[in-house]
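# Architecture at a glance
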Amino acid sequence: MPIDSSGLQVLSREECLGLLASTPIGRIVFTDRALPAVQPVTFRLDGERVVIRTAAGSKLAAATRQAVVAFEIDEFDPEERTGWSVTAVGHARAVCDPDEIERLAALPLTAWAPGERDHFIVVDVEQVTGRQIRSARSNGARSPRTRES
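Small disclaimer: the values here were computed from a predicted structure and weren't measured.

Reading guide: rules and limits
Residues numbered from 1 in each chain as written. Predicted model: local features only at pLDDT ≥ 70, side-chain atom pairs only at ≥ 80, totals over all residues. Heavy atoms only, no water. Helix = DSSP H or I, 4+ residues; strand = E, 2+ residues; numbered from the N terminus. Buried < 20%, exposed > 50% of the residue type's maximum accessible area, 1.4 Å probe, protein only. Contact = heavy atoms within 4.5 Å. Areas by Shrake-Rupley, 256 points an atom, 1.4 Å probe, with all protein chains shown as cover. Core = buried A, V, L, I, M, F, W, Y, C linked by side-chain atoms within 4.5 Å. Polar contact = N/O pair within 3.5 Å; in protein donor to acceptor, adjacent residues only side chain to side chain. pLDDT = per-residue confidence, 0-100.

### With respect to the overall build of the chain
Secondary structure assignment for the chain yields three helices and eight strands. Scanning the chain from its N terminus toward the C terminus, one meets helices and strands in the order β-α-β-β-β-α-β-β-α-β-β. For the chain, the proportion of its 149 residues judged to be buried stands at 44%. Once local pairs closer than 6 in sequence are excluded, the contacts in the chain between residues at least 24 apart make up 67%. Total accessible area on the chain stands at roughly 8500 Å², and carbon and sulfur atoms take up 53% of it.

In structure tokens:
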């Protein structure tokens with residue numbers, strides 16, 4: 001596994017996508033009134049697309065239409081001093097096609113926030129990067145956790 005200039009292990013695209021599929025909560029980074037904004041969201045990876053379910057009139061829904069956004073997930077263990085981080089970048093779009101909405105509504109994706117969430121945002125993952133730090137105690141034996149693990 002390659003090491004970056006900070007001494008962190010660089011994850012492959014496949015490892016990054018596996019980690020994206022392993023957790024239900026991430027953070028989307030978008031522009032709100034010309035300023036960067038970050039919002040935690042529930043999501044599901046669908047192939048190489050991040051799918052977010054939100055309210056149609058939400059600030060997130062309005063701000064991400066045809067915009068370039070970043071999406072980030074991570075996990076860390078402060079006691080073991082291990083962890084990983086994955087960042088995906090791509091164009092976000094509102095889903096308007098009724099057939100696609102029906103297919104996405106069948107995904108196991110339930111918003112944690114209260115209220116009706118009948119609007120889908122899809123981020124096509126164009127670039128994805130990831131880094132991992134392992135404890136010296138682990139001797140490099142551990143690998144990133146995925147849903148299949």
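### Some thoughts on the nonpolar core
Ranked by internal contacts, the top residues of the largest apolar core, which has 28 residues, are Leu20, Ile28, Val50, Ile52, Phe71, Ile73 and Val86. Residues Val95, Leu104, Leu107 and Val122 belong to the second largest nonpolar core, which totals seven residues.

### As for the side chain of Thr64
For Thr64, the position within the fold is in the loop between helix H2 (59–63) and strand S5 (68–77). A distance of 2.8 Å separates the side chain of Thr64 from the backbone oxygen of Leu60, its partner in a polar contact. In this structure Thr64 touches Ile28, Phe30, Val69, Ala92, Arg93 and Ile121, once residues within four positions along its chain are discounted.

### Focus on helix H1 (residues 13–20)
Those residues of H1 not exposed but buried are Cys16, Leu17, Gly18, Leu19 and Leu20. Where H1 is buried, its residues meet strand S3 (35–46), S5, strand S6 (82–94) and strand S8 (127–133).

### Some points on the confidence of the model for the chain
When pLDDT is averaged along the chain, the result is 88; 91% of the residues meet or exceed 70. The weakest mean pLDDT in the chain belongs to H2 at 84; the strongest belongs to H1 at 97.

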